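A closer look at the structure
Here is what each chain is made of, one letter per residue.
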2 protein chains.
Amino acid sequence: MNSVERYLADNYERALADLKAFCRIPSVSTDPVFRDGIQEAAEFVANRLKKAGFASVELLDTGGHPAVYGEVIGDPTLPTILVYGHYDVQPPDPLDKWMTPPFEPAIRDDRLYARGVSDDKGPLLIPILVVEAYLKTEGRLPINLKILIEGEEESGSEHFEPTLERNRDRLACDLVVSADGAMWRPDRPSITVASRGLVALDVTVTGASKDLHSGRHGGSAPNPIRALTKLLASLHDSDSRAAVPGFMDGIKPLDPTILTAIDAARFDANAYYRDIGSPKPDPIENGGQLLVRQWLEPTLEFNGIYGGYQGPGTKTVIPSSASVKITCRLVAGQKPAKVVEAIARHLETNSPAGYSLQVEPHGPGSEAFSVDPNLPGLLAAESVLEELLGSKPLRVAMGATIPIGTAFRKHLGAEAIFFSFSTSDEDYHAPNEFFRLSNFRTGLIAWTRLLGRLAGHPKLEPTMRL
Amino acid sequence: MNSVERYLADNYERALADLKAFCRIPSVSTDPVFRDGIQEAAEFVANRLKKAGFASVELLDTGGHPAVYGEVIGDPTLPTILVYGHYDVQPPDPLDKWMTPPFEPAIRDDRLYARGVSDDKGPLLIPILVVEAYLKTEGRLPINLKILIEGEEESGSEHFEPTLERNRDRLACDLVVSADGAMWRPDRPSITVASRGLVALDVTVTGASKDLHSGRHGGSAPNPIRALTKLLASLHDSDSRAAVPGFMDGIKPLDPTILTAIDAARFDANAYYRDIGSPKPDPIENGGQLLVRQWLEPTLEFNGIYGGYQGPGTKTVIPSSASVKITCRLVAGQKPAKVVEAIARHLETNSPAGYSLQVEPHGPGSEAFSVDPNLPGLLAAESVLEELLGSKPLRVAMGATIPIGTAFRKHLGAEAIFFSFSTSDEDYHAPNEFFRLSNFRTGLIAWTRLLGRLAGHPKLEPTMRL
Ligand SMILES: [Zn+2]
Ligand SMILES: [Zn+2]
């Protein structure tokens, strides 16, 4: 154990207290009610960077929630990495399903429970603590390091690309290392090399201009719940795949490397349904087919539906409108705008007379992403994980969306790797989100070694930065 | 103008103040949050009965919300009527659509706006004020009068029939006069002679045992919104009529008397869609067809739907469950229990593997009702309305449900007529419910005369009281 790693071990309790303090801040980005939490979390990160020894720490005005920037530039001849993470979190509802309140971090069984602890507050705190350990013990880093922590990841990163664009000189780097992302399974080291894209839209069907009494008007008035459910039922085929003309346009053939990883993974379909606690479908697909669906196929999912009375008992009302929230995961070749257009066209074509239809996309969406399989940064990360975790990590795809990959490539000309220590079973985006503290400790050592190993990373020529 | 009518005119401002005070009480029966409002409203009615001069005033323990009872028995040789009404009201949401708060009564354009003012607080206060006027001026009523005001009408009257059953001797009467119900249109006097029945049920589809991240699980996990919307889409045919095997079983042929009234009404379909503020369906049915749908056909309406995320922006979640609230209006011949059974069977048959389905009926429901066309009480009521409003009232059916008709017949052996001064366009069960104060004043005179005219009503033999 070198002096940096010893420092991290000696200061572990303090690191844990920092993480708890961070998790107490309700930095939900999708809901304006939490605006104060967003500001407080951004300031928390900026102060923690300063305390760690970062220079040039500031809140970048993005036009939306601020991003936090800092840097430690020692020797211009060394390569420079840009660390990415996000301080915003998902909404905590349904609140009644949390065993302890979402913004009161609690430890049970060496896990820290809190909204955002796994996605992404725990993972992003690790590189900050590692930089501090290097500076306190060795007085310098083995490479140059910049860090950019945004506050809109969970709400679609609307202002992220313009912020990269405006700050491209300052953010210039040879490699992006994302602290966001997740290990695939707790029992098997993995590294993410591809992720699905995302588009989000709201659909509202309106009938009468006000709520009506279902006794008087039932049978003659338009019922927007009836119209909406009929419309939604037309969006999938009997295999639950999107059945929307144009939706699949441009999709590329499946990546054989990832199909190999899927084979090696021996994913257990029965265990999957048992784990998520749902009855088994009939017929049940095999594990490989399920993983292909999760990683390599596009989806059209309903995330929320609402209209009319939702309280206890009965209210005999015909509501004026009903709405659904949709997100689609995209795979290589799909264009976000085209997908939204295809869905909107299908809904308009099938919308019955007697109703009005409103389709509202949230932001521009993001394309699917994949890493070059020979990228030196990827190989360095793999060697650190193999050394620490005992076996070569599986190269996996990710069903979830990390739009930053394509964004950094486009605006900074830099490739990105995912080096996160959260695990995908940690209930981020659900009640009782947690972070394994064993992975918090492993992540501290892993980042320490990764920074050392990246000292030999090739530097990009400035002209290669687009 | 006789002395009773003069008394009512002289004390109109005080009557209006009473109505406002009554409407300030949030007596929502469907939601336990309003329990105090229920109790307060029951006590308000009891105190107002005592103040008016009623004897034997008490709150009847029903097993649910209390019913209020009182009586004025002068001369046992005179006929006895039982007045019916309900002090409970519909939930006020959506709150943001009210121009003034639902429980802060406000007068605009000779209308009183408040939740419950039209259904049924205004109409039920009228006979109480009329009894008071008789007792203050003449010291007696022209007939014997009992009154029963329940507190569960808007939540399905679960305990009403057992209460009638237990109190059948005390409630014995020759005719029931309901202050609940509504005139059909503001421009044309009408009297309701039939109403549709009602059943209510909640349906929930559950997939996984907890909410899941739609990135990781999208494509492989069950989505209960998808399953629910597909199920609901199977419940109606392309004409928006219920397409559930067994749903229509037992339905009797349409009543020709009411078809005649529908013809006379010359209902304007274009005006209807304009009034409710909805785009016109295509093809548009004629007005007569629409009225047949409202009055004489059964319905299966979705009153509310919910599941997953409903806040601003996006939450990439696959919810654990999704639910819908359904009510059906029933016509003559349909049995409530059979209808629920038919829907549950259809849903179970069509529910896909991989989900669990829960169907929960609310109470036993109620059958459709119709009045004997030659009932002396009906003829008396018609003559009063014709005298006061200038033309013979139209005999109309009611799309909404007034389950009391069948209940009084079954438990007391007494027929019921509807003598209400609310109008069906007064947005009961919607935001900005109001009551026309002109009808409040007309109602006071009409009830005064009706009590006089019913003095000659035939008395039932005690043996005829079942
Ligand atoms: Zn994240
Ligand atoms: Zn009512």
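Bear in mind the structure is a predicted one, so any value in this text is a computation, not a measurement.

Procedures and definitions
- Residues numbered from 1 in each chain as written.
- Chains lettered and ligands numbered in written order.
- Predicted model: local features only at pLDDT ≥ 70, side-chain atom pairs only at ≥ 80, totals over all residues.
- Heavy atoms only, no water.
- Least-squares fit on C-alpha atoms with pLDDT ≥ 70 in both.
- Contact = heavy atoms within 4.5 Å.
- Buried area = accessible area lost by both parts, 1.4 Å probe.
- Salt bridge = Lys/Arg side-chain N within 4 Å of Asp/Glu carboxyl O.
- Polar contact = N/O pair within 3.5 Å; in protein donor to acceptor, adjacent residues only side chain to side chain.
- Helix = DSSP H or I, 4+ residues; strand = E, 2+ residues; numbered from the N terminus.
- Phe/Tyr/Trp six-rings, centres within 6.5 Å; stacked < 30°, edge-to-face > 60°.
- Buried < 20%, exposed > 50% of the residue type's maximum accessible area, 1.4 Å probe, protein only.
- Lys NZ or Arg CZ within 6 Å of the ring centre and 35° of its normal.
- Donors = N, O, S within 2.8 Å, 3.2 Å for Na, K, Ca; no water.
- Tetrahedral: all angles 85-135°; square planar, octahedral: opposite > 155°, others 65-115°.
- pLDDT = per-residue confidence, 0-100.
- Pairing = 2+ DSSP bridges.
- Axes fitted to C-alpha atoms, helices over the stretch in contact; angles between N-to-C directions.

1. Looking at the relation of the copies chain B and chain A
- Its rotation angle being 180°, the transformation that places chain B on chain A also includes 0.0 Å of axial translation and leaves an RMSD of 0.0 Å. The superposition of one copy onto the other is thereby described by a two-fold rotation axis.
- The share of interface residues of chain B whose copies in chain A are also at the interface is 100%, consistent with both copies meeting through the same surface.

2. Side note on the interface of chain B and chain A
- Each partner contributes to the interface: chain B provides 85 residues, whereas chain A provides 86 residues.
- Here chain B meets chain A over a buried area of about 7,600 Å², counting both sides, of which 52% is carbon and sulfur.
- Summed over the shared surface of chain B and chain A, the number is four salt bridges.
- If you look at where chain B meets chain A, you find 57 residue pairs in polar contact (both at pLDDT 80 or more).
- At the level of secondary structure, the elements contributing two or more residues to the side of chain B that touches chain A comprise β10 (212–213), α6 (214–217), α7 (224–233), α9 (269–276), α10 (287–296), β11 (301–308), β12 (317–318) and β13 (321–330) of chain B.
- With eight residues, the top contributor of residues to the side of chain B that touches chain A is β11(B).

3. Some words on the packing of aromatic side chains
Residues and elements named next belong to chain A.
- According to the stated counting rule, one finds 30 aromatic pairs over all chains in the structure shown.
- For the pair Y12 and F440, a centre-to-centre distance of 6.1 Å together with 50° between the ring planes defines the contact as tilted. Of this pair, Y12 sits in helix α2 (residues 12–23) while F440 sits in helix α14 (residues 437–453), and the two are 428 residues apart along the sequence.
- According to the relative accessible area criterion, Y12 is buried, its value standing at 13%.
- Each residue in the set W184, F267, Y272, Y273 and W295 is aromatic and connected to the rest through ring pairs, giving one cluster.
- Here R108 stacks its cationic end above the ring of Y113, 4.1 Å away from the centre of that ring.

4. Things to note about the coordination of the zinc ion (ligand 1)
Residue and element names in this part refer to chain A.
- Within the first shell, the zinc ion (ligand 1) binds the protein through H86 (NE2), D119 (OD), D180 (OD) and D180 (OD), at distances of 1.9 to 2.8 Å.
- In this structure, the zinc ion (ligand 1) is coordinated by four donor atoms arranged in irregular fashion, with angles at the metal of 50 to 147°.
- Mapped onto the sequence, the residues coordinating the zinc ion (ligand 1) show the spacing H-x32-D-x60-D. You can see H86 sitting in strand β3 (residues 80–86) and its partner D119 sitting in helix α4 (residues 117–137), a full 33 residues away along the chain.
- Given a relative accessible area of 9%, D119 falls into the buried group.

5. Observations regarding the coordination of the zinc ion (ligand 2)
Residue and element names in this part refer to chain B.
- Those donors, H86 (NE2), D119 (OD), D180 (OD) and D180 (OD), are the protein atoms that reach the zinc ion (ligand 2), and they lie 1.9 to 2.8 Å from it.
- Mapped onto the polypeptide sequence, the residues donating to the zinc ion (ligand 2) form the spacing pattern H-x32-D-x60-D. With H86 in strand β3 (residues 80–86) and D180 in the loop between β7 (175–178) and β8 (190–195), this pair connects stretches of sequence that are 94 residues apart. Of the two residues, H86 and D180, neither departs from the other in class, the shared state being buried.

6. Notes on the confidence of the model for chain A
- Looking at chain A as a whole, the pLDDT averages 94, with 99% of positions reaching at least 70.
- Across the whole predicted complex the pTM is 0.75, and at the interface the ipTM reaches 0.75.

7. Some details on the side chain of A:D427
- Considering the arrangement of structural elements, one finds A:D427 in the loop between β17 (416–418) and β18 (434–436).
- With a relative accessible area of 16%, A:D427 lands in the buried category.
- Side-chain polar atoms of A:D427 contact the side chain of B:K210, separated by 3.1 Å.
- Setting aside chain neighbours within four positions, we find A:D427 in contact with A:R115, A:N432, A:E433, A:F434 and B:K210.

8. Quick notes on α9(B)
- Three or more residues of α9(B) are buried, namely B:A269, B:A271, B:Y272, B:Y273 and B:I276.
- Where the residues of α9(B) are buried, they touch β10 (212–213) and α6 (214–217) of chain A together with α10 of chain B.
- One side-chain oxygen at the N-terminal end of α9(B) lies 3.0 Å from the backbone nitrogen of B:N270; it belongs to B:D268.
- Positioned one or two residues after α9(B), B:G277 has a phi angle of 70°, which is positive.

9. Some points on the sheet that holds strand β1 (residues 55–60) of chain A
Residues and elements named next belong to chain A.
- Strand order in the open sheet made by the six strands is β1-β2-β6-β3-β7-β17, with mixed pairing throughout. Of all the strands in the sheet, just β1 and β17 have a single pairing partner and so form its edges. Each strand axis lies, on average, 20° off the axis of its neighbour in the sheet, ignoring direction.
- Looking at chain direction, strand β2 (residues 67–72) and strand β6 (residues 144–150) are connected through five bridges and run antiparallel. Note on β6: the bridge partner recorded for E71 is K146.
- Contacts from α4 reach β2, β3 and β6 within the one sheet, and its direction differs from that of β3 by about 145°.

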